[in-house]
Amino acid sequence: MNWGLITSLILNVVFLIILFGQSKKINILREENQKPLPNENNDELIAVASAKLKTLGDVKTIKYLRGEKGMSMVDAKRLVDTLKK
């Protein structure tokens with residue numbers, strides 16, 4: 001028997017199992033990411049972001065929204081860009 005071939009097949013099966021497990025976890029995280037934040041009111045968020053934008057500027061407002069409000073980079077940037085118009 002060719003032990004190299006058997007070892008290769010076993011490793012491939014293990015990697016496929018890991019790949020499918022990670023894929024499932026990624027899908028679960030994507031679904032969770034689509035849910036709105038539970039205790040966040042949009043009007044309050046807009047008011048806070050507007051105040052921060054006036055005092056801090058674009059970049060620091062985006063950092064604040066990401067750090068304190070748990071927003072993604074894209075969502076925080078979109079909000080800041082919308083408020084700037």
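In every chain, residue numbers begin from 1 and rise along the written sequence. Local features in this predicted model are restricted to residues whose pLDDT is 70 or higher, and side-chain atom pairs enter the listing and the counts only when it is 80 or higher, whereas totals over whole chains, interfaces and linings include all residues. Think of the side-chain values as coming from all heavy atoms in the structure, minus any hydrogens and water.

(A) Focus on the pattern of salt bridges. Any Lys or Arg side-chain nitrogen found within 4 Å of a carboxyl oxygen on Asp or Glu counts as a salt bridge. Within this structure, the stated rule accounts for two salt bridges. When the shortest N-O distance is used, the salt bridge between aspartate 58 and lysine 84 registers 2.8 Å. In this pair, aspartate 58 sits in helix H3 (residues 58-69) while lysine 84 sits in helix H4 (residues 73-84), placing the two residues 26 residues apart along the sequence. Residue lysine 84 is classed as partly exposed on the basis of its relative accessible area, which comes to 47%. Here lysine 77 ties to aspartate 81 by a salt bridge, and the two come within 2.9 Å at their closest N and O atoms. Here aspartate 81 and lysine 77 lie together in helix H4, a separation of four residues that amounts to about one turn. Taking the relative accessible area as the measure of exposure, lysine 77 reaches 39% and is therefore partly exposed. Runs of E in the DSSP output that reach at least two residues are strands. Runs of H or I that reach at least four are helices, and both are numbered from the N terminus. Buried means the residue's accessible area, taken with a 1.4 Å probe over protein chains only, is under 20% of the maximum for its type, while exposed means over 50%, and partly exposed covers the values in between.

(B) How the structure looks around the packing of helix H2 (residues 42-56) against H3. Where helices are involved, their axes are fitted lines through C-alpha atoms of the stretch in contact, as for all axes, and angles between N-to-C directions lie from 0 to 180°. Across the interface, H2 lies against H3 with an axial gap of 8 Å and an inter-helix angle of 140 degrees. Relative to H3, the element H2 lies oblique. With respect to the hand of their crossing, H2 and H3 are arranged in right-handed fashion. Of the residues in H3, those in contact with Leu45, Val48, Ala49, Lys52, Leu53 and Leu56 of H2 are Asp58, Lys60, Thr61, Tyr64, Leu65 and Lys69. Note on residue categories: nonpolar means Ala, Val, Leu, Ile, Met, Phe, Trp, Tyr, Cys or Pro, charged means Asp, Glu, Lys or Arg, and polar means any other residue, Gly included. Residues that form the contact of H2 with H3 fall into these classes: seven nonpolar, one polar and four charged. Our angle categories are set so that under 35 degrees counts as roughly parallel, over 145 as roughly antiparallel, 65 to 115 as roughly perpendicular, and the remainder as oblique. If you view the pair so one helix is near and one far, a crossing is left-handed when the near helix is turned anticlockwise from the far one by less than a right angle, and right-handed when it is turned clockwise. Contacts: residue pairs with any heavy atoms within 4.5 Å of one another.

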